[in-house]
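Examining the three-dimensional arrangement
The residues making up each chain are set out below.
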Amino acid sequence: MPILNFHLVQGQHAPAQVDALLLKASALFAEVLACPIERVRVFATEHPPQHVCIGGQLVNRHAQVAPYFSFIVLEGRSQADRQRLLSGFTDLVVDILGAPRANVRGGIVPVAPSDWSIGGELASELRQAEIEARRLAAAAAQGR
């Protein structure tokens, strides 16, 4: 289920850098979520410079490196896991792409298991035991 998308400006990064970002982000996602890497999907969407505006400046006129990422996880993941992913993906963008840390933005899109499908079947039904275990662990971590 874990899905991550990096939004990059076309031509700012060498193909080898993008490859490394995709591979390392996949491994980090699987590690943090303790899920099989086969479930992980990571994308790099490249946008033409004339289609990107950062801080009110068109990138094709003022080359800035300011990647954005967003990722989808099922609700019930702990705050610690979510923070580790936000920090880890930011670190990868800084280390691999050379983006200034202050320019990197990222966000989480939590999805209810009843609103996500895997092969056309609801995640809430397919992975009911896993989801319940995560919910209980999150509740315990929050002291409920």
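Look a little higher up for the structure.
Residues numbered from 1 in each chain as written. Predicted model: local features only at pLDDT ≥ 70, side-chain atom pairs only at ≥ 80, totals over all residues. Heavy atoms only, no water.

1. Examining the packing of aromatic side chains
Taken as a whole and judged by the stated rule, the model has 7 aromatic pairs. Ring centres of phenylalanine 69 and phenylalanine 71 lie 6.4 Å apart, and the angle between their planes is 15 degrees; this geometry places the pair in the stacked category. Looking at phenylalanine 69, the relative accessible area reads 1%, which means it is buried. Exposure remark for phenylalanine 71: the relative accessible area of 0% places this residue in the buried category. In textbook terms, an aromatic cluster arises when at least three aromatic residues are bridged by ring pairs, as seen for Phe6, Phe29, Phe69, Phe71 and Phe89. (Phe/Tyr/Trp six-rings, centres within 6.5 Å; stacked < 30°, edge-to-face > 60°. Buried < 20%, exposed > 50% of the residue type's maximum accessible area, 1.4 Å probe, protein only.)

2. Focus: the pairing of strand S2 (residues 41–47)
Strand direction decides the pairing type here: strand S1 (residues 3–9) and S2, joined by 7 bridges, are parallel. Bridging across to S2, isoleucine 3 finds its partner in arginine 41. At this point the chain moves from S1, through helix H1 (residues 15–33), to the parallel S2, and the crossover so formed is right-handed. (Pairing = 2+ DSSP bridges. Helix = DSSP H or I, 4+ residues; strand = E, 2+ residues; numbered from the N terminus. Right-handed = clockwise from strand over helix to strand, strands pointing away.)

3. Quick word on the layout of surface pockets
Empty space among the atoms becomes apparent when a probe as large as a water molecule is rolled across them. When its volume is computed, the largest pocket comes out at roughly 180 Å³. Surrounding the largest pocket, 14 residues form its lining, His7, Val52, Ile54, Ala66 and Tyr68 being those nearest its centre. At 3 residues, S1 tops the list of elements feeding residues into the lining of the largest pocket. Across the lining of the largest pocket, the residue classes break down as 8 nonpolar, 5 polar and 1 charged. (1 Å grid on protein atoms, 1.4 Å probe; cavity = no way out; pocket = protein on both sides within 12 Å on 5 of 7 lines; lining within 4 Å. Points joined across faces, edges and corners; volume = space filled by probe spheres on them. Nonpolar A, V, L, I, M, F, W, Y, C, P; charged D, E, K, R; others polar.)

4. Some remarks on the pattern of salt bridges
Pairs may arise between side chains of opposite charge once their charged atoms sit close together. Under the definition given, this model contains 2 salt bridges. Close ionic contact of glutamate 31 with arginine 84 constitutes a salt bridge, the shortest N to O distance being 2.3 Å. Linking glutamate 31 in helix H1 with arginine 84 in helix H2 (residues 79–97), this pair joins segments that are 53 residues apart in sequence. For arginine 84, a relative accessible area of 38% corresponds to the partly exposed category. Of the charged contacts in the structure, one is a salt bridge between arginine 101 and aspartate 91, with a shortest N-O distance of 2.9 Å. With arginine 101 in the loop between H2 and strand S6 (105–111) and aspartate 91 in helix H2, this pair connects stretches of sequence that are 10 residues apart. (Salt bridge = Lys/Arg side-chain N within 4 Å of Asp/Glu carboxyl O.)

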